[in-house]
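Listed below are the residues making up each chain.
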Amino acid sequence: MEEKIKALQDKLNRYNYEYHVLDDPTIPDSEYDRLLHELIALEEQYPEFKSDTSPTVRVGGEVLSRFEKVAHDTPMLSLGNAFNEEELWAFDKRVREAVGDVEYMCELKIDGLAVSLKYESGRFVQGTTRGDGTVGENITANLRTIRAIPLTLDRPLSFEVRGEAYMPKSSFEKLNEEKEQNGDTPFQNPRNAAAGSLRQLDPKLAAKRNLSIFLYSVNDLTELEAETQSEALDELDRAGFRTNRERRLVSSIDEVLEYIEYWENHRNDLEYDIDGIVIKVNAFSGQEEMGYTAKSPRWAIAYKFPAEEVVTDLIDIELTVGRTGAITPTAILKPVRVAGTTVARASLHNHELIEEKDIRINDKVVIRKAGDIIPEVVRPILEERTDQEIYEAPTKCPGCGHATVKLEDEVAIRCINPGCPAQLVEGMIHFVSRSAMNIDGLGEKVVRQLFDAGLIKDVGDIYALTYDDLIPLERMGDKKIENLLSAIEASKENPLRKLLVGLGIRFLGTKASELIAREFGSMETIMEQPKERFIEIPEIGEKIADSIVTYTAHPDFRELIDKLARYGVNMTEEVQEASSGALAGMTFVLTGKLAELTRNEAKSMIEDAGGKVTGSVSSKTDVVVAGEDAGSKLEKAQSLGVTVWNEQEFIEKMGPRS
């Protein structure tokens, strides 16, 4: 019976690959369904023969209680954006100044949810969301239901691949029809539907949504014979993954613009939504040479399609005060559909822009979604104007009534009252957010409720909350209070980087906070450093350094740090120690088939000795370790004069294995 079940599993996995990856089914749906139901019945009868790579996991399993948090092996960075031809030419100039002649890989920018898939010895073992780029959520059970994701590979690869999960337009339309029939609120667009489906705690619901995926990158290239993005995508195709075949390799920005123009005109012909084009330096050696900023790779850019524009009425202008005191105007609109969603509010950015564009209350205005995401007011329709009043910028803070100021080097109007309740609340909302201290159950509404009740005046007060404080509040039952207090207690163990983000130091984002935390190891040490010491850290510039020194020197900041420390909030981080060992500072590339070692064993030996392993050969490579059938990487190493070791030389130089 084991052999019969295994044969059925293999057969169904093959049919699944043909249908969802190759788009070339060899059997009708009815036959597939019949075989699947036969396998389900057999596995129920003989559960000892069911595996986590069986095609039956596609129908979903047990309901989860919550999603586990997972740290990414390497950050899932976002891309910088370009919105016009000039910005693409500027990107091209930066690239050519850094690496010379270049080829670009152009890929469709899928409008979905970024995910990471981890494989060990050819088996899918874990899938996560992007999260804040450093820590995501474990959604493995839901990702297993996506039939385009291979559960096993023909090759025993151990690596991480990343891509975009999405909901096809046909699945979206069907889902919304069902919601409307059931009297439920329909999803606004396929992207929201995909994200909502993958964050369902019940995998059976996710399975019914018929999601799909395109893979576009490999986190660890040591397992693949690829020197370029185009070769890596071809390798993923051969390994059984679904990549987007509409990609194009070009050698100039003129060709990039042709590709963009084509898809601007044909994007609606696709069975999935795209919101732009991603342009990447094709050669991995060029990518390594250009490197990264704290937020994004320098070797790639996302061109965002121009947004759809519509006309509606601007009813009012609402003012909000942010955590840094900036007073932001927002347009209140007569609701209108834009790019698939109903919009009733839109950004006006700042008060200078309102004056510059001469936007007035009761104007008819043109609105659009910047990058197909954030609604903004583009311009008023002057020919429709009658006697609308000119808008006056605020002279008093709407949160506290304090006089506003406008600094010379800024466009923002600010409230500089440190006791402004609006700023305090926004700062606390940021402190508990996912990218910062990540306190589950302490969302915006609860923070405002606690502040209005006088229970919290700063973020330190969060750690003084008790059951007796919370039980009198509305919608605060025993279970909710228990979970909230547990989440607050757990947040005390967060690393220093999360606290730095939460404290809201201006210009200090997630990546810069991590770099600084790992450099100095403690809040006390950070507060002792001069500006020059921060600038020594790669990717930390003068603006960030000035801000850190100014904030940490302020008496109120130091008083808050002391308060948090008294409540037991962690103020430390593991320091990033300089590499040591025989190979410290050296960069290796592994290529070809190794006879005595696996790729992972060789990689571990190099890293244990202080070296680094990368996936492509460049002038910065110190040694290429070449096994049998080494291909283009060996040829490139020889052309560049890079030292080459065979496997035996590598083993001898590394010395005896423990």
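- If you look the protein up in an unreviewed UniProt entry, it shows as DNA ligase from Salinicoccus roseus.
- Recorded in UniProt for the protein, the comment headed Sequence similarities (unreviewed entry) runs: "Belongs to the NAD-dependent DNA ligase family. LigA subfamily."
- Quoted verbatim from the Function (unreviewed entry) field of UniProt, the annotation for the protein is "DNA ligase that catalyzes the formation of phosphodiester linkages between 5'-phosphoryl and 3'-hydroxyl groups in double-stranded DNA using NAD as a coenzyme and as the energy source for the reaction. It is essential for DNA replication and repair of damaged DNA."

1. Notes on the sheet that holds strand S5 (residues 123-129)
1) Next: Pairing within the open sheet is antiparallel, and its 4 strands lie in the order S5-S4-S7-S8. The strands lining the two open edges of the sheet, one partner per strand, are S5 and strand S8 (212-218). Across the sheet, the axes of successive neighbouring strands diverge by a mean angle of 30°, strand direction being ignored.
2) Next: Taken together, the 7 bridges between strand S4 (residues 113-120) and strand S7 (residues 159-166) define a ladder with antiparallel strand orientation. By the bridge assignment, Leu-117 is partnered in S7 with Val-161.

2. Here's the deal with the sheet that holds strand S10 (residues 274-281)
1) Next: Overall, mixed pairing links the 5 strands, which are arranged S2-S11-S10-S3-S9 in an open sheet. What marks the edges here is a single partner per strand, and that holds for strand S2 (81-82) and strand S9 (248-250).
2) Next: Inspection of the sheet shows S10 paired to strand S11 (residues 300-304) by 5 bridges, in the antiparallel sense. Bridge pairing in S11 links Ile-277 to Tyr-303.
3) Next: Where helix H3 (residues 85-99) meets the sheet, it contacts S2, strand S3 (104-110), S10 and S11, and its direction lies at approximately 170° from that of S11.

3. Points about a negative patch on the surface
1) Next: Residues Glu-85, Glu-86, Glu-87, Asp-254, Glu-258 and Glu-261 make up a contiguous surface patch of negative charge.
2) Next: The residue Asp-254 is located in helix H9 (residues 253-266) in this model.

4. Comments concerning H3
In an α-helix there are 3.6 residues to a turn, and that puts residues three or four apart on one side.
1) Next: For H3, with 15 residues, the first-to-last C-alpha span of 21 Å sits near the 21 Å given by 1.5 Å per residue.
2) Next: Considered for burial, the residues of H3 that qualify are Leu-88, Phe-91, Asp-92 and Val-95. Projected down its long axis, H3 shows its buried positions confined to an angular sector of 100°, all on one face. Exposed and oriented more than 90 degrees from the buried face of H3 are Glu-86, Lys-93 and Glu-97.
3) Next: Buried residues along H3 sit against S2, S3, H9, S10, helix H10 (284-290) and S11.
4) Next: Between the side-chain oxygen at the start of H3 and the backbone nitrogen of Glu-86 there is a gap of 3.2 Å, and the oxygen is on Asn-84.
5) Next: Gly-100 lies just past H3 and shows a positive phi near 80°.

5. Quick notes on unusual backbone geometry
1) Next: Unlike most non-glycine residues, Ser-121 shows phi in positive territory, near 50°.
2) Next: Within the secondary structure layout, Ser-121 lies in the loop between S4 and S5.
3) Next: One non-glycine residue with positive phi stands out, namely Asn-210, at about 55°.

6. Some details on empty space enclosed by the protein
1) Next: Counted under the stated rule, the structure contains 1 cavity of 30 Å³ or more.
2) Next: Put simply, the largest cavity is a space of about 50 Å³.
3) Next: Lining the largest cavity, in full, are Val-70, Ala-71, His-72, Asp-73, Ser-116, Leu-117, Lys-118, Gln-126, Gly-127, Thr-128 and Glu-160.
4) Next: Among the secondary structure elements, those contributing two or more residues to the lining of the largest cavity are strand S1 (69-71), S4 and S5.

7. A word on the layout of surface pockets
The method is simple in principle: a probe with the dimensions of a water molecule rolls over the atoms, and the space it marks as empty is what remains.
1) Next: Size it by volume and the second largest pocket reaches roughly 1,300 Å³.
2) Next: The wall of the second largest pocket is formed by 34 residues, among which Arg-323, Pro-418, Gln-423, Leu-503 and Tyr-551 lie closest to the centre.
3) Next: Put simply, the parts of the chain that give the lining of the second largest pocket at least two residues each are strand S18 (414-415), helix H12 (421-431), helix H20 (542-553) and helix H21 (555-566).
4) Next: Residue composition of the lining of the second largest pocket, by class: 13 nonpolar, 9 polar and 12 charged.

8. Brief notes about the UniProt feature "binding site: NAD(+)" (unreviewed entry) in the protein
1) Next: Those places that UniProt annotates as "binding site: NAD(+)" (unreviewed entry) correspond, in this numbering, to Asp-29, Ser-30, Glu-31, Tyr-32, Asp-33, Ser-78, Leu-79, Glu-107, Arg-130, Glu-164, Lys-280 and Lys-304.
2) Next: Topologically, Asp-33 is positioned in helix H2 (residues 29-45).
3) Next: Structurally, the position occupied by Arg-130 is in the loop between S5 and strand S6 (135-137).
4) Next: Sequence-distant contacts of Arg-130, defined by excluding residues within four places in its chain, comprise His-72, Met-76, Leu-77, Ser-78, Ala-114, Val-135 and Gly-136.

9. Here we look at the domain arrangement of the protein
1) Next: Parsing the protein into structural domains produces domain 1 (1-49), domain 2 (80-304), domain 3 (311-406), domain 4 (421-492), domain 5 (496-567) and domain 6 (587-654).
2) Next: Taking the mean C-alpha position of each, domain 2 and domain 5 sit 34 Å from one another.
3) Next: The interface of domain 2 with domain 5 comprises 5 residues on the first partner and 7 residues on the second.
4) Next: Each partner contributes to the roughly 450 Å² buried at the junction of domain 2 and domain 5, and carbon and sulfur atoms together form 49% of this total.
5) Next: Area buried by domain 2 at its contact with domain 5 is led by Asp-132, Thr-134 and Ala-294, which between them contribute 78% of it.
6) Next: Remark: the boundary between domain 2 and domain 5 carries 0 salt bridges.
7) Next: The tally of links between domain 2 and domain 5 comes to 0 residue pairs in polar contact (both at pLDDT 80 or more).
8) Next: Its residues placed into classes, the side of domain 2 that touches domain 5 shows 2 nonpolar, 2 polar and 1 charged.

10. Remarks on helix H6 (residues 190-198)
1) Next: Looking at H6, one finds that the buried residues are Pro-190, Ala-193, Ala-194, Ala-195, Ser-197 and Leu-198.
2) Next: Those residues of H6 hidden inside the fold are in contact with S4, helix H4 (140-143), S7, helix H5 (169-181) and helix H7 (203-208).

11. Some details on the packing of aromatic side chains
1) Next: Evaluation of the coordinates by the stated rule reveals 14 aromatic pairs.
2) Next: Aromatic pair Phe-214 and Tyr-272: ring centres 5.1 Å apart, planes at 70°, arrangement edge-to-face. Placement of Phe-214 in strand S8 and of Tyr-272 in the loop between H9 and S10 is noted, with a sequence separation of 58 residues between them. We note that Phe-214, like Tyr-272, is buried.
3) Next: On the numbers, 6.4 Å between centres and 85° between planes, the contact of Phe-431 with Tyr-463 is edge-to-face. Here Phe-431 is found in helix H12, whereas its partner Tyr-463 is found in the loop between helix H13 (444-452) and helix H14 (467-470), with 32 residues between them in sequence.
4) Next: One aromatic cluster in this structure is built from Tyr-119, Phe-124, Phe-159 and Phe-241.

12. Regarding the pattern of salt bridges
1) Next: Taken as a whole and judged by the stated rule, the model has 35 salt bridges.
2) Next: Across the pair Asp-458 and Lys-563 runs a salt bridge whose closest N-O atoms are separated by 3.1 Å. Here Asp-458, found in the loop between H13 and H14, pairs with Lys-563, found in helix H21; they are 105 residues apart in sequence, far enough to count as distant.
3) Next: The class for Asp-458 is partly exposed, based on a relative accessible area of 26%.
4) Next: The buried category is assigned to Lys-563, whose relative accessible area is 16%.
5) Next: With its nearest N and O atoms 3.3 Å apart, the salt bridge here joins Glu-542 to Lys-531.

Reading the values: rules and limits
- Residues numbered from 1 in each chain as written.
- Predicted model: local features only at pLDDT ≥ 70, side-chain atom pairs only at ≥ 80, totals over all residues.
- Heavy atoms only, no water.
- UniProt positions renumbered as here; feature names shortened; annotations may be inferred.
- Pairing = 2+ DSSP bridges.
- Helix = DSSP H or I, 4+ residues; strand = E, 2+ residues; numbered from the N terminus.
- Axes fitted to C-alpha atoms, helices over the stretch in contact; angles between N-to-C directions.
- Contact = heavy atoms within 4.5 Å.
- Patch = residues over 30% accessible without salt bridge, like charges linked within 9 Å, V, L, I, M, F, W, Y side chains within 5 Å.
- Areas by Shrake-Rupley, 256 points an atom, 1.4 Å probe, with all protein chains shown as cover.
- Salt bridge = Lys/Arg side-chain N within 4 Å of Asp/Glu carboxyl O.
- Lys, Arg positive; Asp, Glu negative; His and termini not counted.
- Charge placed at Lys NZ, Arg CZ, Asp CG, Glu CD.
- Expected span 1.5 Å × (residues − 1).
- Buried < 20%, exposed > 50% of the residue type's maximum accessible area, 1.4 Å probe, protein only.
- Arc of directions from axis to C-beta.
- Polar contact = N/O pair within 3.5 Å; in protein donor to acceptor, adjacent residues only side chain to side chain.
- 1 Å grid on protein atoms, 1.4 Å probe; cavity = no way out; pocket = protein on both sides within 12 Å on 5 of 7 lines; lining within 4 Å.
- Points joined across faces, edges and corners; volume = space filled by probe spheres on them.
- Nonpolar A, V, L, I, M, F, W, Y, C, P; charged D, E, K, R; others polar.
- Domains from an automatic or database assignment.
- Buried area = accessible area lost by both parts, 1.4 Å probe.
- Phe/Tyr/Trp six-rings, centres within 6.5 Å; stacked < 30°, edge-to-face > 60°.

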